[in-house]
Amino acid sequence: MTEEIVLLHVDETHVRAYQALRTTWAEVGNQKQVPSYGHHAHVSIFGAVDVQQGDVVFHRASSANAETFLDFLRLLKEKYSDRFIVLVLDNARIHHANMVRAFLQSEEGDAFHFIFLPPYSPHLNPIERLWKWLKDEVIANILHKDQKDIAQSITRFEQHVLQHPDEVLRRIGCAV
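Residues numbered from 1 in each chain as written. Predicted model: local features only at pLDDT ≥ 70, side-chain atom pairs only at ≥ 80, totals over all residues. Heavy atoms only, no water.

Draft legend 1. Seen up close, the pairing of strand 3 (residues 56–61). Within strand 3, 5 of the 6 residues are buried, leaving the element largely enclosed by the surrounding structure. In this sheet, strand 3 lies alongside strand 2 (residues 42–49) in antiparallel orientation, the contact comprising 6 bridges. Within strand 3, the position partnered with Gly47 by the bridge is Phe58. (Buried < 20%, exposed > 50% of the residue type's maximum accessible area, 1.4 Å probe, protein only. Helix = DSSP H or I, 4+ residues; strand = E, 2+ residues; numbered from the N terminus. Pairing = 2+ DSSP bridges.)

Draft legend 2. Focus on helix 3 (residues 127–138). An ideal rise of 1.5 Å per residue puts 16 Å on 12 residues; helix 3 measures up with 16 Å between its terminal C-alpha atoms. If you check which residues of helix 3 are buried, you get Ile127, Leu130, Trp131, Trp133, Leu134 and Val138. Taken down its axis, helix 3 places every buried residue within 160° of arc, on the same side. On its buried face, helix 3 sits against strand 1 (5–16), strand 2, strand 3, helix 4 (147–163) and helix 5 (165–171). (Expected span 1.5 Å × (residues − 1). Arc of directions from axis to C-beta. Contact = heavy atoms within 4.5 Å.)

Draft legend 3. Spatial organisation of the side chain of Asp149. Relative to the elements of secondary structure, Asp149 occurs in helix 4. When near neighbours in sequence (up to four residues on either side) are disregarded, Asp149 contacts Leu143 and His144.

Draft legend 4. Geometry of the pattern of salt bridges. Following the criterion strictly, the structure yields 6 salt bridges and no others. For Arg60, the salt bridge is made with Glu158, and the minimal N-O distance between the two is 2.9 Å. In this pair, Arg60 is assigned in strand 3 and Glu158 in helix 4, connecting sequence segments 98 residues apart. By relative accessible area, Glu158 is classed as buried at 11%. Across the salt bridge formed by Glu108 and Arg74, the nearest N and O atoms sit 2.9 Å from each other. (Salt bridge = Lys/Arg side-chain N within 4 Å of Asp/Glu carboxyl O.)

Draft legend 5. Spatial organisation of the sheet that holds strand 4 (residues 84–89). Strand order in the open sheet made by the 5 strands is 3-2-1-4-5, with mixed pairing throughout. Either end of the sheet is taken by a strand with one partner, and the two such strands are strand 3 and strand 5 (112–116). For this sheet the average axis-to-axis angle between neighbouring strands, irrespective of direction, equals 25°. Both strand 1 and strand 4 contribute to a ladder of 5 bridges, which runs parallel. Looking at the pairing, Val6 lines up with Ile85 of strand 4. Across the sheet, helix 4 touches strand 1, strand 2 and strand 3, and the angle it forms with strand 3 is around 170°. (Axes fitted to C-alpha atoms, helices over the stretch in contact; angles between N-to-C directions.)

Okay, here's the thing in structure tokens:
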């Protein structure tokens, strides 16, 4: 019997309420202004992308720590219950935490294998391009009044991504 494998590139990001100012158009002599409330609400998101199928899994959390990373791993295990899951990920501290190591050594974690990227190499992880796309769509030159407003914008982005795997592959550089 051959066990099927799914290869996923994984990372986490934070979408913050304060603005990411990007190049934009404005009328000559009328500088574009983006107001700010001065608060720092944010939403943390774990993500995994299948670079062959364009499938994406999102998981929101109040913060990115070892405990919420384990929640994400359990979500992946549930989604891919019939597959061996190979994750390509960076060397963030939460990926090496004691509770994550214990999980991987348990029966529950035997469905996973981690491949760690070299330090300081985000260019090797295609999901980084998905995060750039997310931030270009959700926060670039936009004021979100609160965490709920950020979450609604993220939901719209996630729904679009989940319905367009072909566009995901193109945006992350894994399709022509």
